[in-house]
Amino acid sequence: MSRHVTFMTIDDAGHYSPGQRAEIVAAYPEHEREARAKGIPVLGSGRIFPVAEETIACEPFKLPRWWPRIGALDFGWDHPSAAVELAWDTEADVVYVTKAHRASQQTPAMQALALKAWGEWLPFAWPRDGRRETLEGAGVALARQYAAHGLNMLTSHARFADGSLSVEAGLMEMLDRMQSGRFKVFSTLHAWFEEFRLFHRKNGQVVKLRDDLMAATRYRKLTLAYVSGAGTLPTSTDGIWLIFTRAGDKGADGTGVGDFTGPASSVTDNIVTFAGTTGKAGKDSGVAVGSLVAGPASAAADNIATFNGTTGKLVKDSGVAVASLAPKANASFTGTFSPPANAIALNTLADSAAVSVLGRSANSSGTRADIAAGSDDTLLRRVSSALGFGQLTAGMVPAGLVTYAMLASAAIASNSEFQLGTASKLLTAAALKSTVAYQTLTSGASVSWDMSLGNNASLAASTNVTIGNPTNAVPQFGFVLKITAVTSARTVSLSANLVPAAGVESFPITIQTTETVFLAGFVDTASRLVITSVLRT
């Protein structure tokens, strides 16, 4: 039978109010409160970190891009492998545990797959057992296996700057930070806090049981070193890593990805320009910085620049504003003006007569001249080999140029336009026939009738119906409504705009399935249609 340990605190007792829970906790002696209120046992010879969880727990938040971040691994198989991510607020000197992962009996491939989701750029510190090539290593060092699966492993195992690997020194550094408020853990990392509560000593020795996340957190100290007080960075052997996210690498407002490359070689002091359109490759432009033109330290806006000296590399502010220049109103020439051969004389271009075009009216060579439009409503045409303005004659329109299809698209009245009289267009026999054909109405409790589609309609009543007020009714037109009954006898009622004449059968009327009824009448006004007869057949 398997066993499972569930940790519950007094905060999980929902039947107590917050005030009642606080009173219960306050009633215990201070040294018993964590054990009684949170179930944190006092094990062995005491907890390694005798610190209240509330002093180190914090709500998760978005990390600033410029904070250094590092991952740390503790290898395992039957006992879990564990990993944490830590971020360092260098200004306040506070270390934050921001992520935690723990899993048993998972290969380096599976572990690396899970941890790369934290960011493939994130470097990972690891303990010296990562150098082993036996047991878990299976002939290949564990650290190398993780690296082979894409995890960004540090080149050497975690250790202090002096090369030492003291466990106690690492634990004391963590405790010192916790007690001084310089060590925080995201409150959502429940597995981390579970180990934190049970991490204890027995007979003065650290109990190596369910301490995997604690160990991974301790390796962080061995790698993330401080900048020395003299303001110099430690050497590469000290293993300092100041890592930023890609957003930080490319700049706050940039859109690149930080992978700009240059040529294999270049000329000293030549200017770099882009090679292609990707924005990721540069080239030697072949232009030396010394060949550039240099300008003054300052200049007036919109002033013209002129050369300063004879080197061709220096310019100066001429003191002349562009706005002060103006084109000469009239050009003048000295000597005799001779335009090119066959050119149009200047006075011909400058002085045209009335409304005209410039060209040759006759089908022969000679001087171009104005071809004037003598009157309105004329067009430029060629008649008897002469170009001029005049009326369009019948002979200029080829047979078949204006087709029925062209007329039908714009000049033939539709059924609706004919009914409503809304367009001055031609009327075809087909359109006229369509206006008197029966328009099929849809049966329903209220029947709609759009008379713009025709004044004659038919209705197969499948239920008792009311003929609604027709829309788009045009006065002085007659109408016929043909009604039959479907399945069984149906009643027909009228809306207010349909008015039976005196002596006409009273409505509502009943129609049998064996008969057809015709309602005939005329449109008096757009809102009054008179029914003059009810014919039954």
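Residues numbered from 1 in each chain as written. Predicted model: local features only at pLDDT ≥ 70, side-chain atom pairs only at ≥ 80, totals over all residues. Heavy atoms only, no water.

(A) Local environment of the packing of aromatic side chains. Inspection of the entire model under this criterion finds 13 aromatic pairs. Seen in terms of ring centroids, Phe 75 and Tyr 146 are 5.2 Å apart; in terms of plane orientation they differ by 50°. Their pairing is tilted. You can see Phe 75 sitting in the loop between β3 (69-74) and β4 (81-89) and its partner Tyr 146 sitting in helix α4 (residues 142-148), a full 71 residues away along the chain. As far as burial versus exposure is concerned, Phe 75 and Tyr 146 are alike and both buried. Ring centres of Trp 192 and Phe 193 lie 5.4 Å apart, and the angle between their planes is 80°; this geometry places the pair in the edge-to-face category. Joined through ring pairs, the aromatic side chains of Phe 49, Phe 183, Trp 192, Phe 193, Phe 196 and Phe 199 make up one cluster. The ring of Phe 196 has Arg 47 sitting right over it, with the charged end atom 5.1 Å from the ring centre. (Phe/Tyr/Trp six-rings, centres within 6.5 Å; stacked < 30°, edge-to-face > 60°. Helix = DSSP H or I, 4+ residues; strand = E, 2+ residues; numbered from the N terminus. Buried < 20%, exposed > 50% of the residue type's maximum accessible area, 1.4 Å probe, protein only. Lys NZ or Arg CZ within 6 Å of the ring centre and 35° of its normal.)

(B) Molecular detail of helix α6 (residues 190-198). Of all the nine residues making up α6, seven are buried; the element is thus mostly covered by neighbouring parts of the structure. Within the sequence span of α6, burial applies to Trp 192, Phe 193, Glu 194, Glu 195, Phe 196, Arg 197 and Leu 198.

(C) Spotlight on the pattern of salt bridges. Scanning the model with the defined rule gives 14 salt bridges in all. Ionic pairing is found between Arg 536 and Glu 515, a salt bridge with its closest N-O pair at 2.8 Å. Of the two residues, Arg 536 is situated in strand β28 (residues 528-536) and Glu 515 in the loop between β26 (509-511) and β27 (516-525); the sequence distance between them amounts to 21 residues. Between Asp 524 and Arg 528 there is a salt bridge, with its nearest N and O atoms 2.8 Å apart. Asp 524 gets classed as partly exposed once you look at its relative accessible area, which sits at 33%. The class of Arg 528 is partly exposed, set by a relative accessible area of 36%. (Salt bridge = Lys/Arg side-chain N within 4 Å of Asp/Glu carboxyl O.)

(D) The confidence of the model for the chain, seen in detail. Summary statistics for the chain give a mean pLDDT of 79 and a share of 75% for residues scoring 70 or more. Every residue in residues 224-254 is under pLDDT 50, and counting partners more than four places away or in other chains gives 44 contacts. (pLDDT = per-residue confidence, 0-100. Contact = heavy atoms within 4.5 Å.)

(E) Seen up close, a nonpolar patch on the surface. Taken together, the side chains of Phe 260, Val 272 and Phe 274 present a nonpolar region at the surface, about 340 Å² in accessible area. Residue position: Phe 260 is located in the loop between α8 (246-250) and β11 (270-274). (Patch = residues over 30% accessible without salt bridge, like charges linked within 9 Å, V, L, I, M, F, W, Y side chains within 5 Å. Areas by Shrake-Rupley, 256 points an atom, 1.4 Å probe, with all protein chains shown as cover.)

(F) Focus on the sheet that holds strand β10 (residues 205-206). Read from one edge to the other, the open sheet built from three strands follows the order β1-β9-β10, with strand pairing classed as antiparallel. Of all strands in the sheet, those with a lone pairing partner are β1 (46-47) and β10, marking the two edges. As defined by bridge partners, strand β9 (residues 200-202) adjoins β10 across two bridges and the pair is classed as antiparallel. Bridge assignment links Lys 202 to a residue of β10, and that residue is Gln 205. (Pairing = 2+ DSSP bridges.)

(G) Layout of the sheet that holds strand β2 (residues 57-58). Across the sheet, which stays open at both edges, the seven strands sit in the order β2-β8-β5-β4-β3-β6-β7 with mixed pairing between neighbours. The sheet is open, and its two borders are formed by β2 and β7 (152-153), each paired with just one other strand. Bridge analysis of β3 against strand β6 (residues 123-125) gives two bridges, and the strand direction is parallel. Across the sheet, Ala 72 pairs through a bridge with Ala 125, a residue of β6. Of the strands in this sheet, β3, β4, β5 (94-103) and β6 touch helix α3 (residues 108-115), which is tilted by about 140° from β5. (Axes fitted to C-alpha atoms, helices over the stretch in contact; angles between N-to-C directions.)

(H) Layout of the nonpolar core. Core analysis: the biggest nonpolar cluster contains 52 residues, and Phe 49, Leu 73, Phe 124, Met 153, Met 178, Trp 192 and Phe 196 have the highest contact counts within it. In terms of residue count, β4 provides more of this core than any other element does, six residues in total. Once you skip the residues sitting within four places of it in the chain, Trp 192 turns out to touch Ile 56, Val 84, Val 97, Met 178, Phe 183, Val 185, Leu 213, Met 214 and Thr 217. Residues Ala 457, Val 465, Leu 519 and Val 534 belong to the second largest nonpolar core, which totals 26 residues. (Core = buried A, V, L, I, M, F, W, Y, C linked by side-chain atoms within 4.5 Å.)

(I) The pairing of strand β17 (residues 379-383), seen in detail. Here five bridges tie β17 to strand β18 (residues 386-390), and the two strands are oriented antiparallel to one another. Counterpart to Val 383 in the pairing with β18 is Ala 386. A loop of two residues connects β17 with β18, the two strands running antiparallel in sequence, and Ser 384 in this loop sits at a positive phi of about 50°.

(J) Fine view of the environment of Ala 473. Tracing the backbone through its elements, the reader meets Ala 473 in the loop between β22 (465-467) and β23 (478-485). It is 7.6 Å that separates the C-alpha atoms of Ala 473 and Thr 525, two residues lying 52 residues apart in sequence. In this structure, Ala 473 is in contact with Met 451, Val 523, Ala 526 and Leu 529, ignoring residues within four places of it in sequence.

(K) Region of interest: the side chain of Asn 455. Its location among the elements puts Asn 455 in the loop between β20 (446-447) and β21 (456-461). A polar contact of 3.1 Å, which involves the side chain of Asn 455, links it to the backbone oxygen of Gly 478. (Polar contact = N/O pair within 3.5 Å; in protein donor to acceptor, adjacent residues only side chain to side chain.)

(L) Highlighting the pairing of β21. Among the six residues of β21, five are classified as buried, and the element is accordingly described as predominantly covered. Sheet topology places strand β19 (residues 439-440) next to β21; two bridges connect them, and they run parallel. In the strand pairing of β21, Thr 440 is matched with Ser 458. Both β21 and β23 contribute to a ladder of six bridges, which runs parallel. When the bridges of β23 are listed, Ala 461 appears paired with Ala 485.

(M) Highlighting unusual backbone geometry. The residue after Phe 507, namely Pro 508, is reached through a cis peptide bond having omega 5°. The phi angle at Asp 269 is positive, at roughly 70°, despite the residue not being glycine. One can find Asp 269 in the loop between α8 and β11. Asp 269 gets classed as exposed once you look at its relative accessible area, which sits at 57%. The residue Asn 472 is not glycine, and still its phi comes out positive at about 55°. Here Asn 472 shows up in the loop between β22 and β23. Given a relative accessible area of 40%, Asn 472 falls into the partly exposed group.

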